[in-house]
Amino acid sequence: MKTIPHQQITEPAVTCSTCAACCCQLEVMLITDTGVPERFIDTDEWGGEVMLRLDDGWCAALDRDSMMCTIYEKRPLICREFEMGAPECIEERKGIATAYR
């Protein structure tokens, strides 16, 4: 029996320049006051405050041209704790693999 050699393909490093902001499609609850401007706040079906998402599903605070947060210094706690390259980040990146070609 002939063995077929394989090559281990490593995942590309997650950096600001390789990020497609896929976490900006997640629902973000506002559980602390970080100063998020009112125009970016919505109310969910249970009455809790969440980040507003536009019709395209992306966070309203995301600049669609640069794919960067327009309120970075005032972003919600959940956004601050979502670490770039962490297992949760990698899992979300798999969800929109077409963004990483």
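Preceding this paragraph is the structure being described.
Residues numbered from 1 in each chain as written. Predicted model: local features only at pLDDT ≥ 70, side-chain atom pairs only at ≥ 80, totals over all residues. Heavy atoms only, no water.

*Asks:* Explain the environment of Ala21 to me, and be specific about the residues and the numbers.
*Replies:* For Ala21, the position within the fold is in the segment before strand E1 (41-43). Measuring from C-alpha to C-alpha, the distance between Ala21 and Ser66 comes to 9.9 Å, with 45 residues separating the pair along the chain. (Helix = DSSP H or I, 4+ residues; strand = E, 2+ residues; numbered from the N terminus.)

*Asks:* Explain the side chain of Asp44 residue by residue, including any values.
*Replies:* Residue position: Asp44 is located in the loop between E1 and strand E2 (49-51). We note that Asp44 is buried and unpaired, the nearest opposite charge coming from Arg53 at a distance of 9.6 Å. One polar contact links the side chain of Asp44 to the main-chain amide nitrogen of Trp46, over a distance of 3.0 Å. In terms of polar contacts, Asp44 uses its side chain to reach the backbone amide nitrogen of Gly48, at 2.7 Å. Apart from residues lying up to four places away in sequence, Asp44 is in contact with Glu27 and Val50. (Buried < 20%, exposed > 50% of the residue type's maximum accessible area, 1.4 Å probe, protein only. Lys, Arg positive; Asp, Glu negative; His and termini not counted. Salt bridge = Lys/Arg side-chain N within 4 Å of Asp/Glu carboxyl O. Polar contact = N/O pair within 3.5 Å; in protein donor to acceptor, adjacent residues only side chain to side chain. Contact = heavy atoms within 4.5 Å.)

*Asks:* Can you tell me about the packing of aromatic side chains, naming the residues and giving the values?
*Replies:* Inspection of the entire model under this criterion finds zero aromatic pairs. Arg75 extends its terminal NZ or CZ atom over the ring of Tyr72, reaching a point 3.8 Å from the ring centre. (Phe/Tyr/Trp six-rings, centres within 6.5 Å; stacked < 30°, edge-to-face > 60°. Lys NZ or Arg CZ within 6 Å of the ring centre and 35° of its normal.)

*Asks:* Could you give me a rundown of the pattern of salt bridges, with the residues and numbers involved?
*Replies:* A full pass over the atoms with the stated rule returns one salt bridge. Between Asp56 and Arg64 there is a salt bridge; the shortest N-O distance is 3.1 Å. Taking the relative accessible area as the measure of exposure, Asp56 reaches 45% and is therefore partly exposed.

*Asks:* Account for the side chain of Arg75, with residues named and values stated.
*Replies:* Within the secondary structure, Arg75 sits in the loop between strand E4 (68-69) and helix H1 (77-81). Among buried Asp, Glu, Lys and Arg side chains, Arg75 stands out as unpaired, with Glu73 the closest opposite charge at 5.5 Å.

*Asks:* So, the nonpolar core: which residues are in play, and what are the values?
*Replies:* Ranked by size, the top nonpolar core spans 14 residues in total, and within it Cys24, Val36, Phe40, Met51, Ala61 and Ile71 carry the most contacts. Beyond its immediate stretch of four places on either side in the chain, Val36 contacts Leu30, Ile41, Met51, Ile71, Lys74, Arg75 and Pro76. (Core = buried A, V, L, I, M, F, W, Y, C linked by side-chain atoms within 4.5 Å.)

*Asks:* Let's hear about unusual backbone geometry: which residues, and what values?
*Replies:* The phi angle at Met67 is positive, at roughly 60 degrees, despite the residue not being glycine. Structurally, Met67 is set in the loop between strand E3 (62-63) and E4.

*Asks:* Summarise a nonpolar patch on the surface; cite the residues concerned and give the values.
*Replies:* A grouping of Met29, Ile31 and Ile78 is seen on the molecular surface, where their side chains present a nonpolar patch of about 260 Å² in accessible area. Within the element layout of this structure, Ile31 appears in the segment before E1. The class of Ile31 is exposed, set by a relative accessible area of 56%. (Patch = residues over 30% accessible without salt bridge, like charges linked within 9 Å, V, L, I, M, F, W, Y side chains within 5 Å. Areas by Shrake-Rupley, 256 points an atom, 1.4 Å probe, with all protein chains shown as cover.)

This is a description of form; function is not addressed.
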